[in-house]
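As a plain string of letters, each chain reads:
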Amino acid sequence: MHLGKVTPILRIFDEAKALEFYVDFLGFKVDWQHRFEANFPLYLQVSLGECVLHLTEHHGDASPGAAVRIQAQGVDAYQQQLVGKDYRYAKPGVEETPWGSREMSIKDPFGNRVVFVEEGEG
């Protein structure tokens, strides 16, 4: 058996807040958006580097309060970049874990936790 990439689906409730957080703050880009008709819920894909996330307003797609761990390099520099943006709803820090990784955890406006993880040399 061969397994491929995983694409997390995160629940969102407000398109403007989602774009402000994922695009303006975290630096992801919108790859595509879909609505079945006008005034229907939004489903979209955002990406940053090799990281791809799906964001959905559809209530049956995902539950709020999920957590995703994203493998990363340069977590400290990314953290400094984010703090420099002075986003009013998050001032992330980086933590050294007992298992040797450096992690930056940020909650989105919908209660989902996005954790950027830089593995240690162990």
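All of the points below concern the structure found in this document. (Residues numbered from 1 in each chain as written. Predicted model: local features only at pLDDT ≥ 70, side-chain atom pairs only at ≥ 80, totals over all residues. Heavy atoms only, no water.)

Some details on the overall build of the protein chain
For the record, the criterion: Under the DSSP-based scheme used, a helix requires at least four consecutive residues in state H or I and a strand at least two consecutive residues in state E, with every element numbered from the N terminus. The reference for a compact globule is 2.2 Å times residues^0.38; the radius of gyration itself is calculated from the C-alpha atoms. Using a 1.4 Å probe on the protein chains alone, a residue whose accessible area is under 20% of its type maximum counts as buried, one over 50% counts as exposed, and one in between counts as partly exposed. Throughout, a residue-residue contact means that at least one pair of heavy atoms, one from each residue, lies within 4.5 Å. A 1.4 Å probe and the Shrake-Rupley method give the accessible areas. Residues count as covered only by the protein chains that appear here. Counted as positive: Lys and Arg. Counted as negative: Asp and Glu, with His and the chain ends omitted from the count. Each charge is placed at NZ for Lys, CZ for Arg, CG for Asp and CD for Glu.
Assigned secondary structure in the protein chain consists of two helices and eight strands. Secondary structure elements of the protein chain occur, N-terminal to C-terminal, as β-α-β-β-β-β-α-β-β-β. Taking 122 residues into account, the globule formula puts the C-alpha radius of gyration at 14 Å, and the protein chain, at 15 Å, falls close to it. Counting only C-alpha atoms, the protein chain reaches 50 × 45 × 25 Å along its principal axes. Per-residue burial for the protein chain yields a buried fraction of 36% across its 122 residues. Partitioning the contacts of the protein chain with sequence separation of at least 6, the portion at a separation of at least 24 is 51%. With the model as given, the accessible surface of the protein chain reaches about 7600 Å², and the carbon-plus-sulfur share is 51%. Taking the average place of the 12 positive charges on the side chains of the protein chain and the average place of its 18 negative ones, the gap between the two points comes to 3 Å.

Description of the sheet that holds strand β5 (residues 67-71)
This is how the line gets drawn: Whether two strands pair depends on DSSP finding at least two bridges between them. Here an axis means a line fitted to C-alpha atoms, over the contact stretch when the element is a helix, while the angle between two N-to-C directions is reported on a 0 to 180 degree scale.
With respect to topology, four strands assemble into an open sheet ordered β5-β8-β7-β6, the strand pairing being mixed. Because the sheet does not close on itself, it has two edges, and the strands there are β5 and β6 (95-96). Summarising the sheet, β5 and strand β8 (residues 113-118) pair through five bridges and their orientation is parallel. Bridging across to β8, I70 finds its partner in F116. Sheet contacts for helix α2 (residues 75-84): β7 (102-107) and β8; angle to β7, the most-contacted strand, approximately 30 degrees.

Description of the nonpolar core
Here is the rule we go by: Residues belong to a common nonpolar core when they are buried Ala, Val, Leu, Ile, Met, Phe, Trp, Tyr or Cys residues joined through side-chain atoms within 4.5 Å.
Core analysis: the largest hydrophobic core is formed by 26 residues, its most contacted members being Y22, F25, L26, I106 and F116. Other than its neighbours up to four places away in sequence, I106 contacts F21, F25, L26, L82, A90, P92, N112, R113, V114 and F116.

Looking at the sheet that holds strand β3 (residues 43-48)
Pairing is mixed across the open sheet formed by four strands, whose spatial order is β1-β4-β3-β2. With partners counted over all chains shown, the strands left at the sheet margins are β1 (9-11) and β2 (29-34), one partner each. Across the sheet, the axes of successive neighbouring strands diverge by a mean angle of 25 degrees, strand direction being ignored. Relative to strand β4 (residues 51-56), β3 runs antiparallel, the two being bridged by six bridges. Looking at the pairing, L48 lines up with C51 of β4. Relative to β2, helix α1 (residues 15-25) is tilted by about 155 degrees, and along the sheet it contacts β1, β2, β3 and β4.

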